[in-house]
Amino acid sequence: MSASTSGRTLFLALLAAFTCGALLAIQSRIHGILAGGIGTFQTAWWSFGSGALLLCLFLLAPRYREHVARIPAALRSGGLRWWQLLGGVCGGLLVAVQAYAVPLVGVAAFLIAIVGGQVVSALLVDKWGLGPAGAKALSTARVLAAAVAATGVAIAATAGGNGGGTFGVVPVALAFVIGLGSAVQQAFNGQVGVAARDSLVTAHLNFATGLLTLLVVGAVAVLRAGPPDPSGQPWWVWVGGILGICYIALAAWAVRHIGILLFGLVTITSQMSIALALDLAVAETRALIGPQLLIGIGLTVLAACGAALAANRERRPLPAAR
C-alpha cells in the first residue's frame, strides 16, 4: 500500500467514523419520537425488522449470496468463532434502550452514557486485539486521549441539573452498560467484515441476530400492549432501520483501518455535536444545555483529534484482502 493510498484510506475511515456518530444521534432522536407513539419494543422491532427485510433483497444477487457463504466457510476453517457472530445482540439492545431513554433524558445525555461505556471498554478491546486491526499497545497518547474523553463525558454527564432538568439514573445506567458492549460489537463486526469482505453482510448478520434478540426479550411487553397505532407519525420516523444499515456497514469497514478506540473517539465528535443540535431544537431537552455540557463536548472533540494524530503515527497497514 503506497503512502498516498494509506493516507487516503485513513481519511476515508475517519470520515466514515464521523458519519457513524451523526447517524446514531439522528437515529436516537427519531426512535425516541416513534417510541412515544407506538412503544419501546415495538419501535425496536420495526427498526430491526424493516432493516432485515431490506437486506434480504440483496440475496437476490448471486454475488451477494457468495459473500454470505463466506461466513459459514470461515467458521469451518476457524477464521471466525461462533461468538464473533453475536455483535447484533448489543445492537438490538442498543435500539431498545435508545427508544426508552431518549424521551426521558434527551439525545445528548443518552449518547454521553453510551460514549462513557464505549471509551472504557475500547482500550481493552484494542489491547486484547478483538478487532481485525489486531492488538494495539496502550501508548501514552492513546491512554491520554481516552482519559480526556472520559473526563469530558464525566463533566457533561453532570449537566443534567442545568436549567432544572433531572438526570434519569436508570436510563443512563442502561445506556452506559450498552456502551460497554458497543466497542466489543464493533470489534466482532470488523472480524465478520474481513471474513465476508462485504460490509453489507456484516449488517445483515447484525440485523438478524439483533432482531432475534429483540423478539425474545420484548415478546411479553409487546403482547401485553396489544397492536400499536402507527397513525399520526411523520414519515421520517420510520427510517431508523435504514440508518442502522448504513451505520453498521460503515463501522465494519472503518474499524478495519483505524481500530476500535479511534473509531469510538471520532464518533464522539459527531455524536455530541449532532446531539447538541437536536436537543436545542426540542423545548423539553433545551433546558439541559449549559456550560458543563459544552465543556464536556469540547473535551471529547479534543480527545478525538489527539487520537487521530496518534493513530496516524502508529498506524500499520493491514494485509490486503484477497
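Sequence order sets the numbering: in each chain, residues are counted from 1 along the sequence as written. Predicted model: local features are reported for residues with pLDDT of at least 70 only, side-chain atom pairs are reported and counted for 80 or more only, and whole-chain, interface and lining totals are derived from all residues. The basis for the side-chain values is all heavy atoms of the structure; hydrogens and waters are excluded.

1. Focus: unusual backbone geometry
Definition in use: Helix and strand definitions follow DSSP, with helices as H or I runs of at least four residues and strands as E runs of at least two, each counted in order from the N terminus. The buried label applies to any residue whose accessible area, calculated with a 1.4 Å probe on protein chains only, is under 20% of its type's maximum; exposed applies above 50%, and partly exposed to all values in between.
Of note in the backbone geometry, Arg197 takes a positive phi value of approximately 55 degrees without being a glycine. Summarising the element assignment, Arg197 is placed in the loop between helix H6 (169–196) and helix H7 (199–225). You can call Arg197 partly exposed: its relative accessible area is 40%.

2. Details of the packing of helix H2 (residues 40–56) against helix H8 (residues 240–280)
Going by this rule: To get an axis, fit a line to the C-alpha atoms, keeping to the stretch in contact for a helix; angles then go from 0 to 180 degrees between the N-to-C directions. Should the near helix be turned anticlockwise from the far one by less than a right angle, the crossing is termed left-handed; should it be turned clockwise, right-handed. Here a residue-residue contact requires only that any non-hydrogen atoms of the pair lie within 4.5 Å. Three classes are used: nonpolar for Ala, Val, Leu, Ile, Met, Phe, Trp, Tyr, Cys and Pro, charged for Asp, Glu, Lys and Arg, and polar for all others, with Gly counted as polar.
Viewed as axis vectors pointing N to C, H2 and H8 meet at an angle of 65 degrees, and their least axial separation amounts to 7 Å. Here the hand of the crossing between H2 and H8 comes out right-handed. Across the interface between the two elements, Ser47, Ser50, Gly51, Leu54 and Leu55 from H2 touch Gly240, Gly241, Ile242 and Ile245 from H8. A breakdown of the residues in the contact of H2 with H8 according to their chemical character gives 4 nonpolar, 5 polar and no charged.

3. Section: the nonpolar core
Nonpolar side chains tend toward joint burial in soluble globular proteins. Our working definition: Throughout this description, the term nonpolar core refers to a set of buried Ala, Val, Leu, Ile, Met, Phe, Trp, Tyr and Cys residues connected via side-chain atoms within 4.5 Å.
Of all hydrophobic cores here, the largest spans 72 residues; its most connected members are Phe110, Leu111, Tyr247, Ile258, Phe263 and Leu265. Listing elements by their share of this core, those giving two or more residues are helix H1 (3–38), H2, helix H4 (87–128), helix H5 (140–157), H6, H7, H8 and helix H10 (291–314). Broken down by element, this core gets its largest block of residues, 21 residues, from H4. In contact with Phe263, other than residues within four places in its own chain, are Ala17, Cys20, Gln118, Gln186, Tyr247, Ala251, Ala254, Val255 and Ile258.

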